[in-house]
Amino acid sequence: MSHNAESTAFRSALEVIRAVEPRVADAIGAELADQRESLKLIASENYASPATLLAMGNWFSDKYAEGTVGRRFYAGCQNVDTVEALAAEHARELFGAAHAYVQPHSGIDANLVAFWAILADRVESPALKKAQKRHVNDLTEEDWFALRRELGDQRMLGMSLDAGGHLTHGFRPNISGKMFDQRSYGTDPATGLIDYDKVAEAAREFRPLILVAGYSAYPRKVNFRIMREIADSVGATFMVDMAHFAGLVAGKVFTGDFDPVPHAHIVTTTTHKSLRGPRGGMVLCGPELADQVDRGCPMVLGGPLPHVMAAKAVALAEARRPDFADYAQRIVDNAQALADGLLRRGASLVTGGTDNHLVLIDVSGYGLTGRQAEQALLDSGIVTNRNAVPQDPNGAWYTSGIRIGTPALTTRGLGAAEMDATAELMHTVLDRTTAGTGPDGAPSKAKYVLDPAVAESVGKQAADLLTPFPLYPEVTLG
Ligand code: PLP
């Protein structure tokens, strides 16, 4: 491969797009420029490799392929079979799973596939059997009522949203909170850590059909061996959503009790966060649930996205290389360096630090809401997202927290020294920002005051920090 094969590929693609709709080509180019310039600390984002990106931009996008490998409802799927089988094989090998279903279009879809597979496995429901055989559009209103009657009061126990759980783990506005009779476990108010005795107590009282572990904003490892014991003690199916930390499992940073695959009955994930693949989802399970999982399409999914499955196969092949383990370890080292840098400068962190890829800062110590802090940091060239902290007095919209993560900056090559410099920049912004007032002079949870000179100076230092670590160095668009 010549040194600038990637540049040639992306340049040519943009030329072809520009001939049809130049504004789209411009937006794609502008997105690369923006990503190159921003200090991206969003814990759920990353930068996929050029090979992964390129695997998505082709004629696989044109194919319908409902069904599974070798059993399609459409003709001419032999090449889709090849990439789906490859992606599944890489996933099984990488994670040591008996079965991998690589069709889910996103993490939320992967969770829906898992929920329905568990329901079908565990609950005797003629309505569900019928629903599985028919296309969703062919179900009558009475069929849906029957489904609701037969399945409606099944129970799910998951981590609460404000403790770091995900909204698909039973949060009311999400379908999971409507499908299930749901209860959640939180974290210990003093330590911010999961209290396994409390989870066991909640499980004993509630007796859920499904116990869910996994998180979007919990900065610590979870002991999946203990969680499985709890699930077993009440006869629950144990599901782990490893969307955030799949890269750390793939890179063997999380092993033994902290690797969900040997402990859970079923594991779901996204492929685009720490795993560094295309946007998408995946389900891993043992042979007992495999048949039900494979019914994801048409139960809750439409036709698979063959171009994305091709990209999953590429990204998973990359994650099987030895250097991925080094990458995964550096993600955690960087998160710890960032946490240490913030703590040394007086920031308050939920749980007092991290042992995964993310850090949750409680910005109330700076006199700010998460919303004010997020915007002030953004003005200064630092991209984060606000997030609730446990028992957050400011709720899920304004919040009291800022969630940051290191997968993306680690992909660019930044290390511990740059993490310390990042902590200094973040602390400067948070320290120099004050809460603002509304038009009536009353305190506002959204308005803030930050000297533009500070924002500009930090923005410049953030850009300087990135200069030695170009994003997609192999791609020049000219
Ligand atoms: N599960 C967890 C733990 C997540 O953090 C997320 C995304 O933030 C999802 C599921 C949903 O993923 P997607 O946005 O791909 O649907």
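Residues numbered from 1 in each chain as written. Predicted model: local features only at pLDDT ≥ 70, side-chain atom pairs only at ≥ 80, totals over all residues. Heavy atoms only, no water.

1. Things to note about the pattern of salt bridges
A side chain of one charge can pair with a side chain of the opposite charge when the charged atoms of the two come close. As a reminder, the rule being used: Criterion for a salt bridge: a side-chain nitrogen of Lys or Arg within 4 Å of a carboxyl oxygen of Asp or Glu. Going along the chain from the N terminus, every DSSP run of H or I of four or more residues is numbered as a helix, and every run of E of two or more is numbered as a strand. Throughout this description, buried means an accessible area under 20% of the type-specific maximum (1.4 Å probe, protein chains only), exposed means over 50%, and partly exposed covers the range between.
Applying the stated criterion across every chain yields a total of 21 salt bridges. Salt-bridge contacts for aspartate 355 lead to arginine 220; the nearest nitrogen and oxygen are separated by 3.4 Å. Pair noted here: aspartate 355 is in the loop between strand 11 (348-349) and strand 12 (358-362) and arginine 220 is in the loop between strand 7 (210-214) and helix 10 (224-233), with a separation of 135 residues, a long-range link. For arginine 386, the salt bridge is made with glutamate 374, and the minimal N-O distance between the two is 2.9 Å. Placement of the pair is arginine 386 in strand 14 (residues 385-387) and glutamate 374 in helix 16 (residues 370-379), with a sequence separation of 12 residues. Judged by relative accessible area, glutamate 374 falls into the buried class, the value being 12%.

2. Brief notes about a nonpolar patch on the surface
Spelled out, the test is: A residue counts toward a patch only above 30% relative accessible area and without a salt bridge, and it is joined to like-charged neighbours within 9 Å or, for Val, Leu, Ile, Met, Phe, Trp and Tyr, to nonpolar neighbours within 5 Å. Per-residue accessibility takes into account occlusion by the displayed protein chains alone, with areas from the Shrake-Rupley method and a 1.4 Å probe.
Where nonpolar side chains cluster on the molecular surface, the patch consists of Tyr64, Phe73 and Tyr74 and spans about 370 Å² of accessible area. Turning to its location among the elements, tyrosine 64 is positioned in the loop between helix 3 (50-56) and strand 2 (67-68). A relative accessible area of 46% means that tyrosine 64 is categorised as partly exposed.

3. Focus on the state of the cysteines
To keep it simple, the criterion reads: Criterion for a disulfide: a pair of cysteine sulfur atoms within 2.5 Å.
Within the structure shown, the criterion is met by 0 disulfides. The structure places no disulfide on cysteine 77, whose sulfur is separated from the nearest cysteine sulfur, that of cysteine 297, by 11 Å. Take cysteine 77: its relative accessible area is 4%, and that puts it in the buried class.

4. As for the sheet that holds strand 15 (residues 401-405)
Definition in use: Two strands qualify as a pair provided that DSSP identifies no fewer than 2 bridges between them. In this description, contact between two residues means that some pair of their heavy atoms is separated by no more than 4.5 Å. To get an axis, fit a line to the C-alpha atoms, keeping to the stretch in contact for a helix; angles then go from 0 to 180 degrees between the N-to-C directions.
The strand order 11-12-15-14 describes an open sheet built from 4 strands, whose pairing is antiparallel. The strands lining the two open edges of the sheet, one partner per strand, are strand 11 and strand 14. Here strand 14 runs beside strand 15; their pairing, made up of 3 bridges, is antiparallel. Bridge pairing in strand 15 links asparagine 385 to arginine 403. Sitting on the sheet, helix 15 (residues 322-344) touches strand 11, strand 12 and strand 15, and the angle it makes with strand 12 is about 20 degrees.

5. Concerning the domain arrangement of the protein
Interface extent is often summarised as the accessible area lost during association of the parts. What counts is decided by this rule: For the domains described, the bounds stem from an automatic or database domain assignment. Summed over both partners, the accessible surface that disappears when two parts come together, traced with a 1.4 Å probe, is what is meant by buried area.
Partitioning the protein into domains gives domain 1 (59-319) and domain 2 (326-466). Between the C-alpha centres of domain 1 and domain 2 the distance comes to 31 Å. Listed by partner, the interface residues are 23 residues for domain 1 and 24 residues for domain 2. Between domain 1 and domain 2 lies a buried interface of about 1800 Å² when both sides are counted; carbon and sulfur atoms form 58% of it.

6. Remarks on the environment of proline 189
You can see proline 189 is positioned in the loop between strand 6 (181-185) and helix 9 (196-206). Separated by 99 residues in the primary sequence, proline 189 and glutamate 288 place their C-alpha atoms 38 Å from one another.

7. Topic: the sheet that holds strand 7
Sheet strands pair via backbone hydrogen bonds, and the direction of the pair is either parallel or antiparallel. Spatially, 7 strands are ordered 4-10-9-8-7-5-6 in an open sheet, and the strand pairing comes out mixed. One side of each edge strand has no neighbouring strand; the edge strands of this open sheet are strand 4 (99-101) and strand 6. If you compare each strand with its neighbour and ignore which way they point, the axes differ by 20 degrees on average. Taken together, the 3 bridges between strand 8 (residues 237-241) and strand 9 (residues 266-270) define a ladder with parallel strand orientation. Considered in strand 9, the bridge of aspartate 241 is made with threonine 268. Sitting on the sheet, helix 9 touches strand 5 (155-159), strand 6 and strand 7, and the angle it makes with strand 5 is about 165 degrees.

8. Remarks on the nonpolar core
For soluble globular proteins, the rule of thumb is that nonpolar side chains tend to be buried together. Rule in force here: Here the nonpolar core consists of buried residues drawn from Ala, Val, Leu, Ile, Met, Phe, Trp, Tyr and Cys, with membership extended through side-chain atoms lying within 4.5 Å.
One finds Phe95, Leu211 and Met227 to be the most contacted residues of the largest nonpolar core, which totals 61 residues. At 7 residues, helix 4 (residues 78-95) tops the list of elements feeding residues into this core. Discounting residues that sit within four places of it in the chain, leucine 211 has contacts with Leu157, Tyr185, Val199, Met227, Ile230, Ala231, Ala236, Thr237, Phe238 and Met239.

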